[in-house]
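# Report on the structure
Single-letter residue listing:
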Amino acid sequence: EPEVTQTPSHQVTQMGQEVILRCVPISNHLYFYWYRQILGQKVEFLVSFYNNEISEKSEIFDDQFSVERPDGSNFTLKIRSTKLEDSAMYFCASSKEVGETQYFGPGTRLLVL
Amino acid sequence: KQEVTQIPAALSVPEGENLVLNCSFTDSAIYNLQWFRQDPGKGLTSLLLIQSSQREQTSGRLNASLDKSSGRSTLYIAASQPGDSATYLCAVGRGGGADGLTFGKGTHLIIQP
């Protein structure tokens, strides 16, 4: 069964460094999402992406964040200058159409020191 | 702003019992509602999606209902098994181009063998 995959599974970085989190959505899906979950807290929506542009973003998704679909399979989240509070599990998700089931990847655990 | 609440926060029951998990949301103008399970340190597994026009959805031992006007959904698990132990998350979608899901904090379920 097709799955959303994410790399790396874990990443440790120093405050102020740039990180890129990678995702491969399910191949025939058109809508892509990033969410994050700070330890012990709710899953929070960051951004959705369709047709090579952002379709919605939350208040969390400020100028330090960016997303890109660099080729036909990958979807990336870049954090330009990481802060301690960016430490969280980051989930990528995809859906075939808007309003349909969103399928989540296993997540990347980011630790900012 | 949409708020999603899940009650109870934690639940421990003996194997074989039927149980109900509750989800409530403050804004009834939703497009759909999705139930997920999350195992410790893992990603989210989609269980059921209910569109706003539907009243319930069933998958195996799981049945989810939606009462949009009262802002409530329930997840019914029949004949619980130890393998059902996980955190169950409820998430609502607003639709209308706003694709991001708003999550509850979850119900942590333990099924005692």
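Summarised in this report is the structure supplied together with it. (Residues numbered from 1 in each chain as written. Chains lettered and ligands numbered in written order. Predicted model: local features only at pLDDT ≥ 70, side-chain atom pairs only at ≥ 80, totals over all residues. Heavy atoms only, no water.)

## Section: the overall build of chain B
Scanning chain B from N- to C-terminus turns up 0 helices and 11 strands. The N-to-C order of helical and strand elements in chain B reads β-β-β-β-β-β-β-β-β-β-β. Relative to the globule expectation of 13 Å for 113 residues, the C-alpha radius of gyration of chain B, 14 Å, shows essentially globular dimensions. Each principal axis of the C-alpha atoms in chain B carries an extent, and together these give about 45 × 30 × 20 Å. In chain B, of all internal contacts separated by at least 6 residues, the share reaching a separation of at least 24 is 54%. Accessible surface for chain B amounts to roughly 5200 Å². Of this, 49% is attributable to carbon and sulfur atoms. Put simply, chain B has 9 plus and 9 minus side-chain charges, and the middle of one group is 5 Å from the middle of the other. (Helix = DSSP H or I, 4+ residues; strand = E, 2+ residues; numbered from the N terminus. Rg over C-alpha atoms; globule rule 2.2 N^0.38 Å. Contact = heavy atoms within 4.5 Å. Areas by Shrake-Rupley, 256 points an atom, 1.4 Å probe, with all protein chains shown as cover. Lys, Arg positive; Asp, Glu negative; His and termini not counted. Charge placed at Lys NZ, Arg CZ, Asp CG, Glu CD.)

## A short note on empty space enclosed by the protein
Empty space among the atoms becomes visible once a probe the size of a water molecule is rolled across them. Residues and elements named next belong to chain B. A complete count under the given rule lists 1 cavity of 30 Å³ or more for this structure. Taken as a whole, the largest cavity encloses approximately 70 Å³ of empty space. Elements that contribute at least two residues to the lining of the largest cavity include exactly strand 4 (32–38), strand 9 (86–95) and strand 10 (98–103). Across the lining of the largest cavity, the residue classes tally to 5 nonpolar, 6 polar and 3 charged. (1 Å grid on protein atoms, 1.4 Å probe; cavity = no way out; pocket = protein on both sides within 12 Å on 5 of 7 lines; lining within 4 Å. Points joined across faces, edges and corners; volume = space filled by probe spheres on them. Nonpolar A, V, L, I, M, F, W, Y, C, P; charged D, E, K, R; others polar.)

## As for the sheet that holds strand 8 (residues 72–77) of chain B
Residues and elements named next belong to chain B. With respect to topology, 5 strands assemble into an open sheet ordered 1-3-8-7-6, the strand pairing being antiparallel. Both edges of this open sheet fall to strand 1 (4–7) and strand 6 (56–59), since each of them pairs with a single strand only. Taking each pair of neighbouring strands and ignoring which way they run, the sheet shows an average axis angle of 15°. Summarising the sheet, strand 1 and strand 3 (residues 19–25) pair through 4 bridges and their orientation is antiparallel. Bridge assignment links V4 to a residue of strand 3, and that residue is F25. (Pairing = 2+ DSSP bridges. Axes fitted to C-alpha atoms, helices over the stretch in contact; angles between N-to-C directions.)

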